[in-house]
Amino acid sequence: MKINYFDLNIIEEIEMIDFHTHLFPDRIAEKTMKLLRKQCRMDTYTDGTAACLSQSTEKAGLELSVILPVVMKPAQFQSVNEFAVQFRGGNLLSFGGIHPDSNDYKGELRQLKDMGFKGIKLHPDDQNTMFNDIRYKRIISYASELDFIISVHAGYDPRYPDCTHCVPSRAREVINEVKPPKMILAHMGGFRYWDEVEKELVGLDVFLDTAVVFGTIPDEQFIRICRNHGTDRILFASDSPWLDQEMSVKYLMRLDLTDEEKDLIFTKNAQKLLTLK
C-alpha cells in the first residue's frame, strides 16, 4: 500500500528543516531566474523571491528553510550580506557569504559573526577557485574558529561543464588538513561524483546534504552512503528553486530508511548544527 505521509501528520511531528535553498532580491529575481534557467537548462519550482520560498516551505510542511547566498566577486560582499541578514525570522534563515579573493577575510568573517549569521556559503565553481586552494583553507580554518557552519557546493554544476572545482579528492584534502567541525558538502558530497564520494569521503568528519540529488542518485547508493557515512551526518536539503521542496520531502519519506534515520536527516542533525534545540 502506498502511504501518504502528509495524511499521517509526520511532517508536523518532526519539524523538518531544509538546509539548502536560494532566493534573490525581488527587483532582480525574475531576470536572474530566467538567466539561470537558460544556463542550467532546467526548470525551477519557485520564482526566486522570498515570498515564494516561504510559501513553498510552508506547503512542504517544513519548519525552516536555510538560504545560502553566493558572493560572486569580492565587491559584492557588503550588498549580498546586507540583503541576507534580513532573513532571520519566520520560516527563513540565511547564512552569509564570502569570496576567496577577499583582501581581509578575517575582518569579513568577524563582520558576518557580528551580524548574527550562523554559517557561510562557499561556491568554488561560481568563485572560480579550486576547493583545496590555500585561500579556502584559510577561510574555513578561521570560520571554524568563529564556530561557523560552512556549506560548500560540491561536484558538478551544469553552468560550468568543463571544470568541477570541488571534487571529492580536493574536499578530502581540506577535511584532513583543516579539520572543520561543522562543514557541509552539498549534493551528497559531490553532484554526479558519488562513486568517488564513497571512496574518498564516506566516514570522514563532514556533513553531506541531499540537495537536488533525489531522482538522480540511485536510491540504493543514496541509502548506502547514508548508512556507511552515518545518518547523524546527513542533512535534508532540496536546493530550491531547482528541486521542489514538497516533492523532495515525499521522495525521502518513501525511501527504505528507518523512522529514526529519517528523523535525524530531516530534523535532529540540522537542529544540532543550528543549536535550535
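Shown above is the structure to which this text applies.
Residues numbered from 1 in each chain as written. Predicted model: local features only at pLDDT ≥ 70, side-chain atom pairs only at ≥ 80, totals over all residues. Heavy atoms only, no water.

**Student:** So what about the overall build of the chain? Which residues, and what values?
**Tutor:** Within the chain, the secondary structure is distributed over 11 helices and 10 strands. Its C-alpha radius of gyration of 17 Å places the chain within 12% of the 19 Å reference for a compact globule of 277 residues. Principal-axis analysis of the C-alpha atoms places the extent of the chain at approximately 60 × 45 × 40 Å. In the chain, which comprises 277 residues, the proportion classed as buried is 58%. Look at the contacts in the chain between residues 6 or more apart in sequence, and 77% of them connect residues 24 or more apart. Of the roughly 12600 Å² of accessible surface on the chain, a fraction of 47% belongs to carbon and sulfur atoms. With 34 positive and 42 negative side-chain charges, the chain shows a spacing of 4 Å between the two charge centroids. (Helix = DSSP H or I, 4+ residues; strand = E, 2+ residues; numbered from the N terminus. Rg over C-alpha atoms; globule rule 2.2 N^0.38 Å. Buried < 20%, exposed > 50% of the residue type's maximum accessible area, 1.4 Å probe, protein only. Contact = heavy atoms within 4.5 Å. Areas by Shrake-Rupley, 256 points an atom, 1.4 Å probe, with all protein chains shown as cover. Lys, Arg positive; Asp, Glu negative; His and termini not counted. Charge placed at Lys NZ, Arg CZ, Asp CG, Glu CD.)

**Student:** With reference to specific residues and values, describe the environment of Leu36.
**Tutor:** Position of Leu36 relative to the elements: it lies in helix α2 (residues 26-40). Residue classification places Leu36 among the buried residues on the basis of a relative accessible area of 11%. When the C-alpha atoms of Leu36 and Trp242 are compared, they prove to be 10.0 Å apart, with 206 residues separating the residues in sequence. If near-sequence neighbours (up to four positions away) are discounted, Leu36 is found in contact with Phe24, Arg41, Arg159 and Trp242.

**Student:** Help me get a handle on the sheet that holds strand β3 (residues 88-89), residues and values and all.
**Tutor:** With mixed pairing, 4 strands are arranged side by side in an open sheet as β1-β2-β4-β3. Across the chains shown, the open sheet's two edge strands, defined by having one partner strand only, are β1 (16-21) and β3. Along the sheet, helix α10 (residues 245-254) contacts β1 and β2 (62-67); its crossing angle with β1, the most-contacted strand, is approximately 120°. (Pairing = 2+ DSSP bridges. Axes fitted to C-alpha atoms, helices over the stretch in contact; angles between N-to-C directions.)

**Student:** Could you give an account of the sheet that holds strand β9 (residues 207-209), naming the residues involved and the relevant values?
**Tutor:** Read from one edge of the open sheet, 6 strands run β5-β6-β7-β8-β9-β10, paired in parallel fashion. For this open sheet the edge positions go to β5 (96-97) and β10 (234-235), each flanked by a neighbour on one side alone. In the sheet, β9 pairs with β10 via 2 bridges, with the strands oriented parallel. Counterpart to Leu208 in the pairing with β10 is Ile234.

**Student:** Summarise the pairing of β2; cite the residues concerned and give the values.
**Tutor:** Extensive coverage of β2 is indicated by the burial of 5 of its 6 residues. The pairing of β1 with β2 spans 4 bridges and is parallel. Following the sheet pairing, Met16 is matched in β2 by Leu62. Relative to strand β4 (residues 92-94), β2 runs parallel, the two sharing 3 bridges. Paired with Ser65 across the bridge in β4 is Leu92.

**Student:** I'd like a description of the packing of aromatic side chains, backed by residues and values.
**Tutor:** When we look at a pair of aromatic rings, we describe it by the centre distance and by the angle of the planes. What the rule picks out here adds up to 7 aromatic pairs. Relative to Phe95, the ring of Phe19 has its centre 6.0 Å away and its plane inclined at 80°; by these criteria the two rings are edge-to-face. Taken together, the positions of Phe19 in strand β1 and Phe95 in the loop between β4 and β5 put the pair 76 residues apart, joining distant regions of the chain. The exposure class of Phe95 is buried, given its relative accessible area of 0%. Judged by centre distance (5.2 Å) and plane angle (25°), the ring pair of Phe214 and Tyr251 falls under stacked. Here Tyr251 lies in helix α10 and Phe214 lies in the loop between β9 and α9 (219-229), a separation of 37 residues in the sequence. Taken together, Phe214, Phe222 and Tyr251 form an aromatic cluster joined through their ring pairs. In this structure, Lys106 is placed above the aromatic ring of Tyr142, and the distance from its NZ or CZ to the ring centre is 5.2 Å. (Phe/Tyr/Trp six-rings, centres within 6.5 Å; stacked < 30°, edge-to-face > 60°. Lys NZ or Arg CZ within 6 Å of the ring centre and 35° of its normal.)

**Student:** Describe unusual backbone geometry, with residues and values.
**Tutor:** Pro241 follows Ser240 through a cis peptide bond whose omega is 15°. Phi is positive for His187, close to 60°, though the residue is something other than glycine. Along the polypeptide, His187 turns up in the loop between β8 (183-185) and α8 (194-200).

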